[in-house]
Structure formats: structure tokens, C-alpha cells
Amino acid sequence: MKRRSYVATLGAGITSLVGFVAVGKPNWLLKLGKGKSGKGEQVSVEKTITDDAITYLEKSDEVRYPIVYAGGEPQEYTTNKFKHWAKRKSAFVGSTAVLSAIEERLTIPVDGIGKSVGSRLFNTVIFAEYITPREANDYPPELTFQKVIDVTPRSVEATVVLEGEKYTRSVPVIIRKSNDGQPD
């Protein structure tokens, strides 16, 4: 009997925590894990999707898009609700603005900095990857990790437009050190 009540209590506690994280998503939770939040001003980017293979289905509020290509041509499609599709797409659109913002804010080359999209505690984030070792790869040694943190946007407000439908969200940016592309 004691074992059952302990498991039920533990399950309820985990459910509460998951509910808190999924609903609240406070910014301090994003700091858990490796990497640092960007300290620079937020940037905005908007992209209108013009790919003929991606279609907005107005009656069902869904997007039809390819998931399998052969010879560069779409072979298989799937559909998702517009908001679900746009939420994912906006993170990738936002990631394009991160490297541009870093480059504009610095006066030295940004060689050795990459980007990716991932998740941190049930929240989509954009990662700016500070690739190490620096000198062995001929990356500018004067571009320190701290300099990158200071100029990287805190977040990117990314907007996706598809056939007149618009979705905007703010995506946090985390800077982390990567060992030749593998997070430390």
C-alpha cells in the first residue's frame, strides 16, 4: 500500500511540474542546461513562404507540405494545423536572423559561429553555436564567447506568412560552446 501512494504522489508532483513548465515557461527555466541567454536587443524577421509545394487549406485551417522528396521533387505530403506548422517554421525563419544580427553588431568576422533550432524544457529555442577549438580551425581568436553572448539577441520575433495567413512568435536564443559542432 505504501508503495502505491508514493508512486501516486510522485506522479502527481511530476504532472504538476510538467503543467507548470508547459503553461508558464518562465525564462529562468530556459537557463537550465548548457549555454547562456543572449544579452543583445531582440530582432525581428518576417518571411513570406512562396514554395509552390506548400499550400494553405483555408476550409480546414491546415497546411499541406511535402515530407518526402525524390530527385528534388516532392513525392509524399502531410498536413498539419496552420498554427502548429507555423510555430515550427517560425523558429527556423528566426534562426536566419541570429547570425545576421551577430555579424552586424560586431566589427570582426563571425567565422566559427553556427546556428540550430532545438528545444529546452518543452520550449523551442534557437541555438547560436560558438565552435571550438578556435585556433585549430582558423576562427578569429579575438571573437570570444563573452563577446558573442553580449551581441546575440535575447530572442527573435519571427513572423511566417503563407497565402495571407500570418503567425508571429518570440523565440529565445541560447549561445552554447560546441566542439566542432557537437555541444560541450
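Residue numbers restart at each chain and count upward from 1, following the sequence in its written direction. Owing to the predicted nature of the model, reporting of local features is limited to residues with pLDDT of at least 70; listing and counting of side-chain atom pairs is limited to 80 or more, with chain, interface and lining totals taken over all residues. Note that water and hydrogens are dropped before the side-chain values are worked out from all heavy atoms of the structure.

A. Geometry of the overall build of the protein chain. Scanning the protein chain from terminus to terminus reveals four helices and ten strands. The order of α-helices and β-strands along the protein chain, N terminus first, is α-α-β-β-β-β-β-α-β-β-α-β-β-β. With a 1.4 Å probe rolled over the protein chains alone, any residue whose accessible area is under 20% of its type maximum counts as buried; one over 50% counts as exposed, and the rest are partly exposed. The proportion of buried residues among the 184 residues of the protein chain is 36%. Residue contacts follow a heavy-atom distance rule, with two residues in contact if any of their heavy atoms lie within 4.5 Å. A separation of at least 24 residues holds for 61% of the contacts in the protein chain among residues at least 6 apart in sequence. Entry remark: accessible area of the protein chain is about 11,100 Å², with carbon and sulfur atoms responsible for 53%. Put simply, DSSP H or I for four residues or longer makes a helix, DSSP E for two residues or longer makes a strand, and each gets a number counted from the N terminus. For the accessible areas, the method is Shrake-Rupley and the probe is 1.4 Å, while residue cover comes only from the protein chains on display.

B. Structural context of the environment of Thr 159. Inspection of the secondary structure puts Thr 159 in strand β8 (residues 155-162). According to the relative accessible area criterion, Thr 159 is buried, its value standing at 7%. Once the C-alpha coordinates of Thr 159 and Val 45 are considered, the two residues, 114 residues apart in sequence, prove to be 6.3 Å apart. Excluding its chain neighbours within four sequence positions, the residues that come into contact with Thr 159 are Val 45, Glu 46, Lys 47, Val 93, Lys 166, Tyr 167 and Thr 168.

C. Layout of the environment of Lys 89. Relative to the helices and strands, Lys 89 is located in helix α3 (residues 82-105). Through-space distance from the C-alpha of Lys 89 to that of Ala 158 is 9.2 Å; in sequence the pair is 69 residues apart. Contact partners of Lys 89, with chain neighbours within four places excluded, come to Ile 49 and Val 160.

D. Quick peek at α3. Over its 24 residues, α3 runs 34 Å from end to end, which matches the ideal 34 Å to within 8%, given 1.5 Å per residue. Along α3, the residues classified as buried are Phe 82, Trp 85, Ala 86, Ser 90, Ala 91, Val 93, Gly 94, Ser 95, Ala 97, Val 98, Ala 101 and Ile 102. What a helix is expected to span follows from its residue count: subtract one and scale by 1.5 Å.

E. Representation of the confidence of the model for the protein chain within the structure. Within the protein chain, residue pLDDT values average 82, and 79% of them lie at 70 or more. Predicted confidence for residues 1-26 stays below pLDDT 50, and this span has twelve contacts to residues more than four positions away or in other chains. pLDDT expresses, on a scale from 0 to 100, how confident the predictor is about each individual residue.

F. Structural detail: the nonpolar core. Judged by nonpolar contacts, the single largest core of 21 residues is most densely connected at Val 98, Ile 102, Val 148 and Val 156. Elements supplying a minimum of two residues to this core: α3, β7 (123-132), α4 (145-151), β8 and β9 (165-179). Residues Tyr 65, Trp 85, Leu 162 and Tyr 167 belong to the second largest nonpolar core, which totals twelve residues. In these notes, a set of buried Ala, Val, Leu, Ile, Met, Phe, Trp, Tyr and Cys residues joined through side-chain atoms within 4.5 Å is what counts as a nonpolar core.

G. Structural detail: the pairing of strand β5 (residues 73-81). Only strands joined by at least two bridges in the DSSP assignment are considered to pair. Where strand β4 (residues 62-70) lies against β5, eight bridges are found, and the strand directions are antiparallel. Across the sheet, the residue bridging to Ala 70 is Glu 73, located in β5.

H. Main features of the packing of aromatic side chains. The pairing test for Phe, Tyr and Trp rings, Trp by its six-membered ring, is centres within 6.5 Å, and the orientation test on the planes gives stacked under 30 degrees, edge-to-face over 60, and tilted for anything in between. In the structure shown here, the tally under the stated rule is three aromatic pairs. Seen from their ring centres, Phe 82 and Trp 85 are 6.1 Å apart, and the 40° between their planes marks the pair as tilted. With a gap of three residues between them, Phe 82 and Trp 85 both fall in helix α3, about one helical turn apart. Per residue, the accessibility class of Phe 82 equals that of Trp 85, and both read buried. Chaining the aromatic ring pairs together yields one cluster made of Tyr 56, Phe 82 and Trp 85. Over the ring of Tyr 77 we find Arg 64; its NZ or CZ atom is 3.6 Å from the centre of that ring. Lying over the aromatic face of Tyr 130, Arg 134 brings its terminal NZ or CZ to 4.3 Å of the ring centre. As a reminder, the over-ring test applies to NZ of lysine and CZ of arginine, requiring each to be within 6 Å of the ring centre and within 35 degrees of the ring normal.

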